[in-house]
Amino acid sequence: MQVIDVSYHNGVIDWKIAKDNGVVGAVIRCGYGRDFTKYDDTKFKSNMDNALANGIKVGVYLYSYAKDLDSAKSEAQHANR
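Quantities reported herein were computed from a predicted structural model and do not represent experimental measurements. (Residues numbered from 1 in each chain as written. Predicted model: local features only at pLDDT ≥ 70, side-chain atom pairs only at ≥ 80, totals over all residues. Heavy atoms only, no water.)

### Let's talk about the pattern of salt bridges
- Tallying each qualifying case throughout the model produces three salt bridges.
- Here Lys16 and Asp20 are joined by a salt bridge, their closest N and O atoms 2.8 Å apart. Pair noted here: Lys16 and Asp20 are both in helix α1 (residues 15-20), with a separation of four residues, about one helical turn.
- A salt bridge links Asp41 to Arg29; the shortest N-O distance between them is 2.9 Å. One end of the pair, Asp41, is in the loop between β2 (23-32) and α2 (44-53); the other, Arg29, is in strand β2, and twelve residues separate them in sequence. (Salt bridge = Lys/Arg side-chain N within 4 Å of Asp/Glu carboxyl O. Helix = DSSP H or I, 4+ residues; strand = E, 2+ residues; numbered from the N terminus.)

Okay, structure coming up:
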C-alpha cells in the first residue's frame, strides 16, 4: 500500500498517474503554524479535490510550530477550517 505526503513543495501532481502507479492514499498538508490565511498551503484545495476525484483516500495535517498553549490552540483552529 502506497501513501504519499504532499504539500505545495511537490508542485502540480498528476493524481491519475499517482493512482495508476499504486498510490492509494495521501496525507495532504493544509498549512503550517498559527491560524492565519497567509500560512495556508496554496496547493491544499487542488490536492484534496484532485486526489478525491481520482479515488485516493486522504488525510490532512498541519505542520506545527507551537511552543505554548496559545499557539497550539491557534494551530488547532487552523487545521479545523
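Moving on from the coordinates now.
### Focus on helix α3 (residues 69-80)
- Taking 1.5 Å per residue as the helical rise, α3 with its twelve residues ought to reach 16 Å, and the 16 Å between its terminal C-alpha atoms agrees with that figure.
- Among all positions in α3, only Ser71, Ser74, Glu75 and His78 are buried. Seen from one end, α3 has its buried residues packed into an arc of 100 degrees, which puts them on one side. For α3, the exposed residues lying more than 90 degrees away from the buried face are Leu69, Lys73 and Asn80.
- Close packing links the buried residues of α3 with β2 and β3 (57-63).
- The opening residue of α3 is Asp68, an N-cap whose side-chain oxygen sits 3.2 Å from the backbone nitrogen of Asp70. (Expected span 1.5 Å × (residues − 1). Buried < 20%, exposed > 50% of the residue type's maximum accessible area, 1.4 Å probe, protein only. Arc of directions from axis to C-beta. Contact = heavy atoms within 4.5 Å. Polar contact = N/O pair within 3.5 Å; in protein donor to acceptor, adjacent residues only side chain to side chain.)

### A word on the environment of Ile13
- Within the secondary structure, Ile13 is located in the loop between β1 (2-6) and α1.
- Each C-alpha atom of the pair Ile13 and Asn50 lies 8.7 Å from the other, and the pair is 37 residues apart in sequence.
- Among all residues touching Ile13, those that are not within four sequence positions of it are Val6 and Asn47.

### Quick word on α2
- Looking only at α2, the buried set comprises Asn47, Met48 and Ala51. Down the axis, α2 shows its buried residues gathered within 95 degrees of arc, on one side only. When the buried face of α2 is taken as reference, the exposed residues oriented beyond 90 degrees from it are Lys45 and Ala53.
- Buried positions along α2 lie against β1, α1, β2 and β3.
- At the exit of α2 stands Gly55, carrying a positive phi of roughly 75 degrees.

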